[in-house]
Amino acid sequence: MTSGSSKTMLLIRICVFLLCFTSCSFFKISLPHSTSDFSLEGDYVLGGLFALHEIDQVTPLFTPENTECIRHSTSASGYQMLQVMRFAIEEINNSTTLLPNVSLGYEIFDHCSNTKNFRSVLTFISKNGSIKPTEKLNNYQPKVIALTGPYGSTRTITLAPLITMGLIPMVNYGASSYALSNKLQYPTFVRTIPSNKDMVEMIIHIIRWFGWNWVAFLGSQDNYSSDGLKLFNKYISNTGICLAYQEGLSLNANYSQTLKKIDMLNINVIVVFAVPQYAVNIIKTAIANNIREKVWIASETWAMNQQLPREPGIGKIGKVIGITDRLLSLPGFDDFVYKDRRTINTYSAESNVQSKSKACNQVCDYCPLLTAEEIINENPSFSFSIYAAMYTIAHALHNVLQCDMNACPKNTKAKPYMLMREMKKLDFPLNDRQVKYDENYDTTISFAVVHWRTDVNPPQFEMVGTYDTYPKTAFAIDNSLLPWLTNDSVPFSNCSIECKPGYSRQPEGFHSCCFTCKKCPRNSYVDYSRDPYTCFSCLESEWSDEGSTTCKIRIVVYLEFAEMSSVIVMFSTTFLIILLIAILCLFAYNFNTPVVKSAGGSMCLLMLMCLIMSSISVFFFFGKPTFVFCLLRNAIFAFFFTICISCLTVRSFQIICVFKMAAQFPKLHSLWVKHNGQWLFIAFSSFIHFISCVIWMTVSPDKPIADSWTFKDQIMLMCEMGNAITFTIVVFISWFLGFLCLIFSYMGRDLPKNYNEAKSITFCLILYYLSWIVYFTAYLSVKSKYIMLLNAMAQISSIYGILFSYFIPKSFIMIFQPQKNTAAYFQTSIQNYTQTISRT
């Protein structure tokens, strides 16, 4: 045996020794006959502990004393519980299938004290009037094989270690402390009432159902209330409920001050999680202090209190919503009580004589005076729990004794510890309820939500909701059955008014329920189920307006190949390329003719090839932008079109040199011709432009971007322009060459018609400048995917401008006016120009 067990046994012996000196005689158990409420002989005896009296004021004692309950206030509710136990045992004994040929007896004690009622328990665990802690369990047969009670968690926790010593099943009907579910400390504790955990969860369900979050919690200074408060604080942590006020009251506390504090805090929902004595004090004080229009949530201990609904003025304090067992009536119980009262009246004289010889706390002077109606109308909250406790013990005993439907074997003996193994396996129907236990020996839950109808006489308890965990968890309240005081609307009990959709909460003060509301900005949203205090940013692929609760998917836009505008541009580009190739072939075929030579000869072929390459860049504007597409769409055009412009510039300058500068500056002209100045200029300007393009594409190249800021509901896939400085240099070189070309063309406006390119070059360059001015203006002022289309069109118009102003007229002469494509015709033009110059 361990040292802990030795200490326990020593404690038991000391208790036994001390109790020998109490005012009640120790182990005086000569019991009356079967008409007694407290005892009944049987093959197996069950123990019962019920509070037939209640101690209103606890006084400290400095000498060992066993409390004599008869000296304190009476409790008719406790006597009704006692009668339920007697009824259940009688019903079991009358059954021909549950325990056939086996009878159950009982030994019941009045249990009114938390710490001073050990006599009854010592009686239960004794064997033939003595306790032998060292006796083996196989040989140990205490007076009772199992017991039920006592009422109250504190009383149960006090007695449970003594019961555990003999592994006697303690099937409790009225101790809901969650601490008793710990099987390491209380291995033989079984309960037929839901635990505080279940009760607290039910209360939270009710609070959340009506949208309240600003509540008070009042309890008493005992294990029942403290355990409930601890669980309540734990389970509301992620529910949005704030415990605005909490207090554990004593019987002599200042209840008025407590209720005034609650009223000052504007708390309209008050959870009263306390034993009946404290709940009665709270409600009566609320009536006296004119506390109005509150919602009182009653735990199962006082939810069905029969006296409070009859208190004058209770209707003014608000609405009382109670939680109780779903099954409040037991078939046959009323008949049992009426029969018992008749028996009491018949043997009243004999009972008065016998009461004097009963054991301590097995006396109840007021009990025979109660009428059947008074007993039946008492608080029925724990009736089914007691009834189920008796049937749990009986079913476990049935299994231990290996009974069949006809009889139980006589040679099989049951020990208390044997019943524990069977109780965990139990699963049986009882009055349309399923009785079964989990691993902690806690029962299934079947709660009812009751509303106190104090507006009718007599007051009624109306069931307005249910909560079940078997076969599945289900909770519901019928709101139509709850007529509220103010405008038939649910009372308001929130620290702050709930925010409108799309507004996040900004905490104020200590409690999270106290807040102001802030509208979520654009591209953010508030998710109340996730976190009502935060505006979450939408993903890049999503968008939202101000004050949103969800994000919407953005539409991804870009210039697609299949769009009509894209098809038109690509078709015109294709036509342009075919036309350029045809003209290139035409010029190559007529390479040695005067028209081609006057247009630049091989320089024309270079220009046409550059224009073809520039046209190819248009196709990179369509489809989903990629890095390669962004790199090629402008770089190809910028480089090859600039070479074409440089050729036009050189061509304009060269004509001026031939007709105007050759005579005035013959040496410079000869150097130009000798060293192929035109090709050197083209090569130099192309090289400079190529370097600038390389720097542009290397330092900060065009790259694909997803523009999610221009339009709230779109993501535009487009190419970023790149570094502004390098891009400006590239554009400047091209535009500067074009400007030189315009100057040279203007200077040659009076040259021979065959050599005068001023009009055509001016037209194509003006079209070139206008196209790009329009594009850049639109680019800086408008954001759209069609800006890229406009970019492609600017390239095409620039190429078409050179093609139709410079190459088409010459192609027309070669095809339709071959007579003008002769050396004689060109010679005549030169002679006419010379004569005109000489005359001027």
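Everything that follows concerns the structure shown earlier in this document.
Residues numbered from 1 in each chain as written. Predicted model: local features only at pLDDT ≥ 70, side-chain atom pairs only at ≥ 80, totals over all residues. Heavy atoms only, no water.

Caption draft 1: Layout of the layout of surface pockets. Within this model, the second largest pocket holds a volume of roughly 590 Å³. For the lining of the second largest pocket, the secondary structure elements donating two or more residues are β4 (73-74), α2 (76-93) and α8 (276-288). (1 Å grid on protein atoms, 1.4 Å probe; cavity = no way out; pocket = protein on both sides within 12 Å on 5 of 7 lines; lining within 4 Å. Points joined across faces, edges and corners; volume = space filled by probe spheres on them. Helix = DSSP H or I, 4+ residues; strand = E, 2+ residues; numbered from the N terminus.)

Caption draft 2: Expanded view of the side chain of S496. Residue placement: S496 occurs in the loop between β18 (474-477) and β19 (503-507). Under the relative-accessibility criterion, S496 is labelled buried at 12%. Of the polar contacts made by the side chain of S496, one reaches the backbone nitrogen of F515; its length is 2.9 Å. Beyond its immediate stretch of four places on either side in the chain, S496 contacts C513, C514 and F515. (Buried < 20%, exposed > 50% of the residue type's maximum accessible area, 1.4 Å probe, protein only. Polar contact = N/O pair within 3.5 Å; in protein donor to acceptor, adjacent residues only side chain to side chain. Contact = heavy atoms within 4.5 Å.)

Caption draft 3: Structural context of the packing of aromatic side chains. Going through the model one piece at a time under the given rule, you end up with 38 aromatic pairs. Measuring from centroid to centroid gives 5.6 Å for F639 and F690, while their planes differ by 65°, and the two rings are edge-to-face. Taken together, the residues F639 in helix α17 (residues 627-664) and F690 in helix α19 (residues 677-699) connect sequence positions 51 residues apart. Judged by centre distance (5.4 Å) and plane angle (45°), the ring pair of Y768 and Y769 falls under tilted. In this pair, the class of Y768 matches that of Y769, namely buried. (Phe/Tyr/Trp six-rings, centres within 6.5 Å; stacked < 30°, edge-to-face > 60°.)

Caption draft 4: Up close: the state of the cysteines. Per the counting criterion, the structure on display carries 9 disulfides. The side chain of C520 participates in a disulfide bridge whose partner is C535; the two sulfur atoms lie 2.0 Å from each other. Taking the torsion about the sulfur-sulfur bond, which here is approximately -85°, the covalent link between C520 and C535 counts as left-handed. On the criterion of sequence distance, the pair formed by C520 in the loop between β20 (515-519) and β21 (524-527) and C535 in strand β22 (residues 531-537) is long-range, its members being 15 residues apart. Its relative accessible area of 1% is what places C520 among the buried residues. Note on cysteine connectivity: C630 is disulfide-linked to C719, with sulfurs 1.8 Å apart. Given an S-S torsion of about -75°, the disulfide between C630 and C719 has left-handed geometry. Separated by 89 residues along the polypeptide, C630 in helix α17 and C719 in strand β27 (residues 714-720) bring together distant segments of the chain. The buried category is assigned to C719, whose relative accessible area is 12%. With no disulfide of its own, C610 has C647 as its nearest cysteine by sulfur position, at a separation of 6.1 Å. (Disulfide = S-S within 2.5 Å.)

Caption draft 5: Quick peek at the nonpolar core. If you look at the biggest cluster of nonpolar residues, it comprises 70 residues, and the most contacted ones within it are F587, I802, Y806 and F807. Looking at this core, the element that brings in the most residues is helix α22 (residues 786-816), giving 13 residues. Discounting residues that sit within four places of it in the chain, I802 has contacts with L611, F641, C644, I645, L648, C764 and F807. (Core = buried A, V, L, I, M, F, W, Y, C linked by side-chain atoms within 4.5 Å.)

Caption draft 6: Seen up close, the pattern of salt bridges. The tally for this structure, following the rule as stated, stands at 19 salt bridges. With a shortest N-O distance of 3.4 Å, D37 and R86 are connected by a salt bridge. On the criterion of sequence distance, the pair formed by D37 in the loop between α1 (3-19) and β1 (39-40) and R86 in helix α2 is long-range, its members being 49 residues apart. Like D37, the residue R86 is buried in the burial classification. The partner of D545 in a salt bridge is K712, and the shortest N-O contact between them spans 2.8 Å. Separated by 167 residues along the polypeptide, D545 in the loop between β23 (542-543) and β24 (552-553) and K712 in the loop between β26 (703-707) and β27 bring together distant segments of the chain. The class for K712 is partly exposed, based on a relative accessible area of 32%. Each of D37, R86, D340 and R341 takes part in one network of salt bridges that share partners. (Salt bridge = Lys/Arg side-chain N within 4 Å of Asp/Glu carboxyl O.)

Read these as layout, nothing more, since geometry by itself doesn't imply function.
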